[in-house]
Amino acid sequence: ELIEDKNLDVYSYFDKIKDYQSIVFCTGGTAFEKLDLSDVLTEKYLNELSDKCRSIHLVSAYGVGDSIKEANLGIVSMRNWYLKEVYRAKERQEELVNNYKKDIKKFIYRPKVLSYGDTIFDSTPRQVLAEEILKNIEHVGYSHENRSAVSKDIQNVFSLGYEHLKITQRTTKKRLGKATDS
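Residues numbered from 1 in each chain as written. Predicted model: local features only at pLDDT ≥ 70, side-chain atom pairs only at ≥ 80, totals over all residues. Heavy atoms only, no water.

Draft legend 1. Quick peek at the overall build of the protein chain. Each helix and strand counted, the protein chain has five helices and five strands in total. Expressed as a percentage of contacts within the protein chain between residues at least 6 apart in sequence, the contacts between residues at least 24 apart total 72%. Roughly 10,800 Å² of accessible area belongs to the protein chain as shown, and the carbon and sulfur atoms make up 51% of that amount. (Helix = DSSP H or I, 4+ residues; strand = E, 2+ residues; numbered from the N terminus. Contact = heavy atoms within 4.5 Å. Areas by Shrake-Rupley, 256 points an atom, 1.4 Å probe, with all protein chains shown as cover.)

Draft legend 2. Expanded view of the pairing of strand β2 (residues 55-59). Burial analysis of β2 places five of its five residues in the buried class, which makes it a mostly covered element. Neither face of β2 is left uncovered, since the one carrying Ser-55, His-57 and Val-59 and the one carrying Ile-56 and Leu-58 both have all their residues buried. One ladder, built from four bridges, connects strand β1 (residues 22-25) with β2; its direction is parallel. Bridge pairing in β2 places Val-24 opposite His-57. Considered for its hand, the β-α-β crossover made up of β1, helix α1 (residues 38-47) and β2 is right-handed. Inspection of the sheet shows β2 paired to strand β3 (residues 105-109) by five bridges, in the parallel sense. Bridge assignment links His-57 to a residue of β3, and that residue is Phe-107. (Buried < 20%, exposed > 50% of the residue type's maximum accessible area, 1.4 Å probe, protein only. Pairing = 2+ DSSP bridges. Right-handed = clockwise from strand over helix to strand, strands pointing away.)

Draft legend 3. Quick look at the environment of Asn-136. Among the structural elements, Asn-136 can be located in helix α4 (residues 126-139). Classification of Asn-136 as buried rests on a relative accessible area of 18%. Between the C-alpha atoms of Asn-136 and His-57, which are 79 residues apart in sequence, the distance is 8.8 Å. Among residues more than four places away in sequence, those in contact with Asn-136 are His-57, Phe-107 and Tyr-109. Here Tyr-109 takes part through its side chain, which lies 3.0 Å from a polar atom of the side chain of Asn-136. (Polar contact = N/O pair within 3.5 Å; in protein donor to acceptor, adjacent residues only side chain to side chain.)

Draft legend 4. Fine view of unusual backbone geometry. Its identity as a non-glycine residue notwithstanding, Phe-32 has a phi of 60 degrees, on the positive side. Mapped onto the secondary structure, Phe-32 falls in the loop between β1 and α1.

Draft legend 5. Spatial organisation of the pattern of salt bridges. For the coordinates displayed, the defined rule picks out seven salt bridges. Note that Glu-43 is salt-bridged to Arg-92, the shortest N-O span being 2.8 Å. Of the two residues, Glu-43 sits in helix α1 while Arg-92 sits in helix α3 (residues 84-98), which places them 49 residues apart along the sequence. Note on Glu-43: relative accessible area 29%, which makes it partly exposed. Overall, the relative accessible area of 27% leaves Arg-92 in the partly exposed class. The partner of Glu-48 in a salt bridge is Lys-44, and the shortest N-O contact between them spans 2.8 Å. Overall, the relative accessible area of 27% leaves Glu-48 in the partly exposed class. One salt-bridge network, in which partners are shared between bridges, spans Asp-39, Glu-43, Glu-85, Arg-88 and Arg-92. (Salt bridge = Lys/Arg side-chain N within 4 Å of Asp/Glu carboxyl O.)

Draft legend 6. Here's a closer look at the sheet that holds β3. Strand order in the open sheet formed by three strands is β1-β2-β3, and the pairing between neighbours is parallel. The two strands at the open ends of the sheet, each matched to only one other strand, are β1 and β3. The sheet shows a mean angle of 10 degrees between the axes of neighbouring strands, taken without regard to direction. Those strands touched by α4 are β1, β2 and β3, and its axis lies near 165 degrees from that of β2. (Axes fitted to C-alpha atoms, helices over the stretch in contact; angles between N-to-C directions.)

Draft legend 7. Region of the structure containing the packing of aromatic side chains. What the rule picks out here adds up to one aromatic pair. Just above the ring of Tyr-45 sits the side chain of Lys-44; from NZ or CZ to the centre is 4.3 Å. Sitting over the face of the ring of Tyr-116, Arg-126 holds its NZ or CZ atom 4.0 Å from the ring centroid. (Phe/Tyr/Trp six-rings, centres within 6.5 Å; stacked < 30°, edge-to-face > 60°. Lys NZ or Arg CZ within 6 Å of the ring centre and 35° of its normal.)

This is a description of form; function is not addressed.
As structure tokens, this is what we get:
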């Protein structure tokens, strides 16, 4: 389902995005994925970053980087077994953002589990994460006329991002000469 709003521009992963003040990376693979290209996409957009961009926001995952030291057996198992490729890509995404040389605000979010609202598990509702990202965007000097619309759009991107990414990864693999589905 395509998200439409007057405050939202939709681009394919192969488009060059026009000027913007903040960029939010919320791409990632899924269980048993053989090729997660979210790190390749992050690198592409960092290489083409708008001169007007003042902040980079990366939705990573709990268990990436030094957070693995505090992770429980479930997170460690996911990282080492069925989300191995996802965690590899998240590690590289964090490395790319952290090593980006431009003087720019960088935010990395490591939610334990993203949920659709409150759950009995230790999780972060997508709406809560979207609000945190928006607050950080506003903190670096960007304000939006219709914050609730942007918040809803970010929440929808988190909700629908996987299907869009999977379709795009298939296209990307074909363009890279790797015509396999995952």
